[in-house]
Each structure stands twice: as C-alpha cells, then as structure tokens.
Amino acid sequence: TDGAGDGFQVLSIRGSKWRVKSGGEEYPLLNENDEAIPSIEAVILKGSNAVSKIYYKDSYSEGDNEAPDCFSIDGVTPDPASTDIQCKSCAACPNNVWGSRMTDAGKKAKKCADNRRMSVWLHTRAPDGTDDTEPMLLRVPAASIKDLATYGNSMHAKGYPYNALVTRIGFDLNA
C-alpha cells in the first residue's frame, strides 16, 4: 500500500460524499435515491506502517480536485513527485508543527496533515465506471487514526484479524 495511488482506485470523502476516483474520473457513491450515503462497508486489506503527510498551500474550497503541493508517503521525506517541496525532511518542516494552522473552530492543527494509507476492498456496491473487484486506496485522516487503532486492537484482542472482517466506515453528514 505504500505506493498505492498510482493506478489504484482511490476511495475518499469530499463535499460530504463518498467518492471513487478511477482512471481520472470521479464517481460519487449514492443510494438508490441519488443521495449521499453516510457509511460504506469495506474489508481492510492492509495498512501502511508509516503515517503519511499531505500539504496544500491553499485552503480547500468545494469542488477542488487539486493534487497536494507537497506530500510524503513515508512521513520522513517529501516525495520527489511533489510539485512544491517545503523542506528536505518532514521532521524539520515548519508546516509539520502543531499550531502552524488554526482550524475554523480556533484549535491548533498542522498545515501538513497526517494520514494513514490503507488498501481496502469495497463491499458496498460501487458506481458505474469503477472496478469493485480491485483494491482501493483509502487515506484515513489524522482525526480518525486513533479510532482506527482502537478498533484494530479491539478486534485483535477478540481474535479477529482486521482483514477477515467487513467494516462499516462512516462520517457525520452534517459535519
């Protein structure tokens, strides 16, 4: 999964909608009434051991589909494919410091966001144009990494390997 994204379909949330990006096209995952669904079901195939980093110079606006300005798959050094590398190392980058950004709610955050990359198999029916038999890349945002670890540890303690479960993954449509 460390190299996932180059040819992998990408599962993401944008504009309060689950989406699948495949072959340069993006398709929303909608219910039978063409409404956004709050959750999907997927099998977690494998997760990266590293926390990845992603930096956008400009704030997100509804409809944006731009590539990040700088990113790191291993969380140690920027990927050479980054269009605007911010620093030679992630540890020394001023954008990777708590308080380098303030949220709309006035909380400290980092301009360069952490995420955990996973490959998943989508159990929820995929829209036309996607191949739901292939693994997809899912980036778990920083705010959900702790919950993901808690879930994984809980299932492990019960004797269930993460890749033997169908997991419902959701978000608050009103957030």
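The coordinates are above.
Small disclaimer: the values here were computed from a predicted structure and weren't measured.

Rules behind the numbers
- Residues numbered from 1 in each chain as written.
- Predicted model: local features only at pLDDT ≥ 70, side-chain atom pairs only at ≥ 80, totals over all residues.
- Heavy atoms only, no water.
- Helix = DSSP H or I, 4+ residues; strand = E, 2+ residues; numbered from the N terminus.
- Buried < 20%, exposed > 50% of the residue type's maximum accessible area, 1.4 Å probe, protein only.
- Polar contact = N/O pair within 3.5 Å; in protein donor to acceptor, adjacent residues only side chain to side chain.
- Contact = heavy atoms within 4.5 Å.
- Salt bridge = Lys/Arg side-chain N within 4 Å of Asp/Glu carboxyl O.
- Pairing = 2+ DSSP bridges.
- Expected span 1.5 Å × (residues − 1).

A. Up close: the side chain of Asp114. Within the secondary structure, Asp114 is located in strand S9 (residues 112–122). Looking at Asp114, the relative accessible area reads 18%, which means it is buried. Among the polar contacts listed, one links the side chain of Asp114 to the side chain of Lys53, at a separation of 2.6 Å. Those residues within four positions of Asp114 in sequence are excluded, and the remaining contacts are Val51, Ser52, Lys53, Asn96, Val140, Pro141 and Ala142.

B. Region of the structure containing the pattern of salt bridges. Scanning all chains against the criterion turns up 5 salt bridges. With a shortest N-O distance of 2.8 Å, Arg168 and Glu41 are connected by a salt bridge. Highlighted residues: Arg168 in strand S11 (residues 167–170) and Glu41 in strand S4 (residues 39–47), separated in sequence by 127 residues. Classification of Glu41 as partly exposed rests on a relative accessible area of 25%. Note that Lys110 and Asp114 form a salt bridge whose closest N and O atoms lie 3.0 Å from each other. The exposure classification of Lys110 matches that of Asp114, with both residues buried.

C. Focus on the pairing of strand S2 (residues 17–22). Bridging between strand S1 (residues 9–14) and S2 involves 5 bridges; their strand directions are antiparallel. By the bridge assignment, Ile13 is partnered in S2 with Trp18. Counted between consecutive antiparallel strands, the loop separating S1 from S2 contains 2 residues, among which Gly15 sits at a positive phi close to 60°. Across 4 bridges, the pairing between S2 and strand S3 (residues 25–28) is antiparallel. By the bridge assignment, Val20 is partnered in S3 with Tyr27. With antiparallel pairing between neighbouring strands as the criterion, S2 and S3 make up a hairpin whose turn holds 2 residues, including Gly23 at a positive phi of roughly 60°.

D. Expanded view of the environment of Lys21. Mapped onto the fold, Lys21 is located in strand S2. With 13 residues separating them along the chain, Lys21 and Phe8 place their C-alpha atoms 8.8 Å apart. Not counting the four nearest positions on each side in its chain, Lys21 is found in contact with Phe8, Gln9, Val10, Glu26 and Asn65.

E. Local environment of helix H1 (residues 142–157). Over its 16 residues, H1 runs 24 Å from end to end, which matches the ideal 22 Å to within 8%, given 1.5 Å per residue. Once H1 finishes, Gly159 follows within two positions and takes phi at roughly 90°, a positive value.

Treat this as a map of the structure, not an account of what it does.
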